[in-house]
Structures are given as C-alpha cells and as structure tokens.
Amino acid sequence: MVLLQISNIKIDMHQDVKDAYKKAIKIAGLHENDVLCQKILKYSIDARNKAHILKVYNIGIYVTQYNKSRKNVRIITEEKKYSYKLSGHQKMKHRPVVVGFGPAGMFAAYLLACNGFCPIIIERGATVEERACLVEKFWKSGELDPDCNVQFGEGGAGTFSDGKLNTGIKDKEHRIRFVLETFVKFGADERILYDSKPHIGTDVLKNIVTNMRKYIIEKGGEFYFNTALVDITYENNRLKQIHLSSDKIIETDICVLAIGHSARDTFEMLYKKGVIMEQKPFAIGVRVEHPQKLINQSQYGFEDNKLGAASYKLTYKTKKNRGVYSFCMCPGGYVVDSSSEANGKVVNGMSYSKRDGENANSAIVVTITPEDFSGSHPLAGMEYQKKLEAKAYQEGEGAIPLQKYTDFRKNVKTTEIGVVKPQIKGKYRMSNLNDIFPEYIIDALIEGIEYFGKKIDGFDMDDMILSAVETRTSSPVRIVRDDEFQSNIEGLIPAGEGAGYAGGITSAAIDGMKIFEFIAKKYKRILIK
C-alpha cells in the first residue's frame, strides 16, 4: 500500500472536504476505484483575498501502487513516527518523582508510566474535577485558594486557556505529532492532527487530563494531590530526598521539576538550597477585548463564524526598540481572573472548544528584560511581577481593574462601559490602568495598539476594553540545566515552561518527553506493580 500526499488543494470557502477529495483524486490522475482510503493531512484558510477566501488542504490518499509523476503529488513510502530507546543500564534505587502535572510533567509521567518506571506525581493543587469547582467558586465569590486555582492544580495553567497547540519549534524527531496523537487518544477531536492552528478548548482539556491521569495510574503511576514540594535533601551534589507539605519524605534518584511559572515559593526554596538559576526576559501587559464580529470582518470580510472565529497575531517594535506583541489570542473567548496569591491580581484568556463567545481577547504585552529589574538577583524578575500584580489588586480594590482604551490614552478613570461589553470570568471594577504600569510600558502599549489599528481595522477602537495585569506570559526565571537536562544537583531535573525551557502547551509537553528520553537512556525500568 502506498500513501500519496497531494498538496495545496484549494477549494471555495462554501465547499467541504468531499470536494477537496475529488480534486485531489483528479490531480493525482486516479479513479475513485483506485482509492483504498483517504484522509486530511493539513488544513488552513487563505484569506488574503477577502473577495475569494479559500480553504487549503493537503490530502492523503492510500492506493495499492502508483508510478506516475504529477505536480503536487508526493509518494510517502513510510509515515515517520516518534520513537525512543530503552537503553539504560544504571539501576534506579527508587521510583522517579514528577513535581507538577502540567504539560511537561504530564508527558514525562505518561511516558515513564507507559515504560515501566512507575512514577510518583506530586501536584500542589487538586484533581481537575475538584479544581474546576474551586475555580468557578473563586470567579463568583473572590475566595482564592492559593494552592488550587487557574495557575495551580492538575493540568497546569494551560487547562484554563484556549488550549492552543501550535508551536514554532523545529521537530525532526516527530514529537509534535506524538503530542497531538496522545491528546486525541485521550479525548481530543482528530481535527487537531491536521489543522494549521490546532486548539482543544478548556472544556475538552479537562476530560483529557482526567483520562491521562487514570491511564498513568493503571500503568503503575501514583499521585499525591493537594501536596507541595517544600524541601530537598542532597549529599555530594546528588539528590537524596524530597520533602512534601504533608510531612512525607520520599527517597528518589530522579525528581523532574515541572513546577510551572507561578510556583514562586518553590523557586525561593530551590534558590536557598543552592540550585543555580538565572534571570530571563519575559513580557507584561494587558488583556484586550474586541467584538468577535469585528475581528471576523477584518480577517475574512464578514462578521459571522462560518469559517470559525477568526484569530490574529500581531507584532511591533517601538521607536525605543521595545517589542510589543499579541499573546495567547482567544477567539470567542473570555478574560479570566488567574490570580494565585493573596493581594495580587493576574488576568489571562480562555476559550471553550466552540469558541462561540461574543468577544475576542488577547494579551497585548511589552518585552521586559533584566535591564528593567532592580538588581542582579535571579528572582528579581519574579519580584517585578509581584509588584505590578499588587498594584493591579489595589487599583481594582480586589477585583480585575478594567478600562476603556480611550480613557487609557487620556489617563483618566473609566466610569462607564461602551459598546464592548466585558466577557470576564471573575469580578471586575472600572479603573485607571495608568496607575499600575511604569511609563515605558504605557507608552509602548499605546504605540503598539495604534500600529495594530493599521493592521486590523478597528483594533484601536475607543471602546476596546483593557484589563490588568498580564504578567504570567512566561517564567521570569531559568533553572540552569546541563546537556543531560540536570541542574547543578544531580538527579534534580528542571522541565517545561516554569523552568524556562518552553513556551506553551506543546513545547512544554515536548520538553517533558525529552526528559523521559534521558531517563530511559540512563536507567533500567523498575516494573513495580
């Protein structure tokens, strides 16, 4: 059996995939009877010409044999798959521990469990089912659980997001495909396997996380929920034990630190224990809301969602050479209160799988470098974040501070909402965001938004809603690791976005996979049941 890839199949936006299949068969010079089966390999939308928007497909067709030479037709003799070797010879005295069950920890634990290493997973928050209830309670009442919220709990911060899976990393080892196939295995729509901008949605992500946890337990994994890492013990620069908030002490050779970008108390503990860290750049800004119809009109030339809710990606360099860009754009989504500490206010964006909310939202953020911090301490960026979050909390009097763009430009407090109605999960209060940010961030935001108004008609509309503060775009800290993924303490392995080695669900998952590969090459399986 031979797989043919027929590329760049363009059909009208009103046609469906059956028309793409017919066109692919014709281009390949086949008859319908020659086709054993067919599938979509890639799908995207070409909206450069608003008068003639096209759906673009790469189609895969299986045939018994094929010896023709046709343009845009490629014979795939072997579908390449992600693979790894279990070649370790060193004995692992104790079970490996994974701290944090976000994407990095999830995929490290999943592969460890699948291959007989029987990992122990430590998660400071609750199961995703209980976590969802606590988050909803927080949004309605303002009662924050500092250990289980939008940032902390099973699934990680990405669980309460749009669930975007696109990434710009290079992938010769086919890890991206493995991540997508794994999500499909545990409940995601197969569309993510071929969509050029794959997303899952927070409602579906919760089910996937639950299913992965159950599978890991079936394979010998063990979970400790509502349990934080509070200390580590090491001798001769070799990890010996981890100490938990439950007073339990676990002997281990390997501890994967997939702690996420908001585990500030854990960063502080690790620093005090001599783990080497360094400052890294990140970004800070606001969440902006527009009517989804406005974004659709600009991107597609019509207001409805017949092609799905439209998205955007924007970048700009200011006159003072500071970057401004959109981040975590959520079509048809909601702004969410993502606070994780008392007396601090943080916002993020979230979409459900249907992306059918009234507004589009995105972070518009400004690049922050170590030159903006005061001092050379590795955790100075973290303190910078905390300072702005505290100001946002004060400005909103405990709620999300919110402002119309016209008032933000004029530096006056918003007193009434305009045509854009807030789509926010959590309490909010009309405020003046100028009282939160330093002048260089305010100036960069305004300059960037005005430029974006030239790219998307209406982006800089007066009634656009801004909310603050968006600080958790990425970790402000990098836990230094060597070529074997280990920190300066042997056996202590920093992983994922929180450790400074990823930027999103897919790249964090891939980092977790790489760490499993290192363990599998070094250690024998445990095979405890």
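This text goes with the structure placed above it.
Cut-offs and rules
- Residues numbered from 1 in each chain as written.
- Predicted model: local features only at pLDDT ≥ 70, side-chain atom pairs only at ≥ 80, totals over all residues.
- Heavy atoms only, no water.
- Axes fitted to C-alpha atoms, helices over the stretch in contact; angles between N-to-C directions.
- Helix = DSSP H or I, 4+ residues; strand = E, 2+ residues; numbered from the N terminus.
- Left-handed = near helix turned anticlockwise from the far one by under 90°.
- Contact = heavy atoms within 4.5 Å.
- Nonpolar A, V, L, I, M, F, W, Y, C, P; charged D, E, K, R; others polar.
- Buried < 20%, exposed > 50% of the residue type's maximum accessible area, 1.4 Å probe, protein only.
- Pairing = 2+ DSSP bridges.

Novice: Explain the packing of helix 2 (residues 103-114) against helix 5 (residues 202-218) here, please?
Specialist: In a pair of packed helices, the angle between the axes and the distance between the axes together describe the arrangement. Two elements in contact, helix 2 and helix 5, have axes separated by 9 Å at closest approach and are oriented at 30°. In this structure, helix 2 crosses over helix 5, and the sense of that crossing is left-handed. Across the interface between the two elements, Met 106, Phe 107, Ala 109, Tyr 110, Ala 113 and Cys 114 of helix 2 pack against Val 209, Met 212, Tyr 215 and Ile 216 of helix 5. Residues belonging to the contact of helix 2 with helix 5 are distributed by class as follows: 10 nonpolar, no polar and no charged.

Novice: Just to check I follow, could you spell out helix 6 (residues 264-272) for this structure?
Specialist: Along an α-helix, residues three or four apart share an orientation, since each turn contains 3.6 residues. Taken as a whole, helix 6 has its buried residues at Arg 264, Thr 266, Phe 267, Met 269 and Leu 270. Of the surrounding secondary structure, the elements contacted by the buried residues of helix 6 are strand 8 (229-235), strand 11 (255-257), strand 12 (277-279), helix 8 (380-395), strand 23 (477-479) and strand 24 (492-494). In the segment just after helix 6, Gly 274 is the residue with positive phi, at about 95°.

Novice: Can you help me understand unusual backbone geometry in this one?
Specialist: A negative phi angle is the norm for most residues apart from glycine, just as the trans form is the norm for most peptide bonds. At the junction of Ala 468 and Val 469, the peptide bond is cis and its omega measures out at 10° in the coordinates. Within the secondary structure, Val 469 is located in strand 22 (residues 465-470). At Asn 72, a residue that is not glycine, the phi angle is positive and equals roughly 70°. Judged by its relative accessible area of 36%, Asn 72 is partly exposed. In this model, Phe 485 sits at a positive phi of 70°, which is unusual for a non-glycine residue.

Novice: Even after reading the chapter, I still don't get the sheet that holds strand 16 (residues 334-337), so can you show me in this structure?
Specialist: Whether parallel or antiparallel, the strands of a sheet pair through hydrogen bonds between backbone atoms. In spatial order, the strands read 17-16-20; together these three strands make up an open sheet with mixed pairing. The open sheet is flanked by strand 17 (347-350) and strand 20 (424-425), the only strands paired with a single partner. When strand 16 meets strand 20, the two strands line up parallel, connected through two bridges. Its bridge partner lying in strand 20, Val 335 is registered against Ile 424.

Novice: How do you make sense of the pairing of strand 9 (residues 238-244) when you look at a structure like this?
Specialist: Working note: regular strand, side chains alternate between the two faces of the sheet. Among the seven residues of strand 9, six are classified as buried, and the element is accordingly described as predominantly covered. If you look at the hairpin formed by strand 8 and strand 9, you'll find two residues sitting between the two strands, and Asn 236 has a positive phi there, around 50°. When strand 9 meets strand 10 (residues 249-251), the two strands line up antiparallel, connected through three bridges. Residue His 243 lies in a different strand from strand 10, and its bridge partner there is Ile 249. Between strand 9 and strand 10, which pair antiparallel and follow one another directly, the connecting turn spans four residues, one of which, Asp 247, has a positive phi of 75°.

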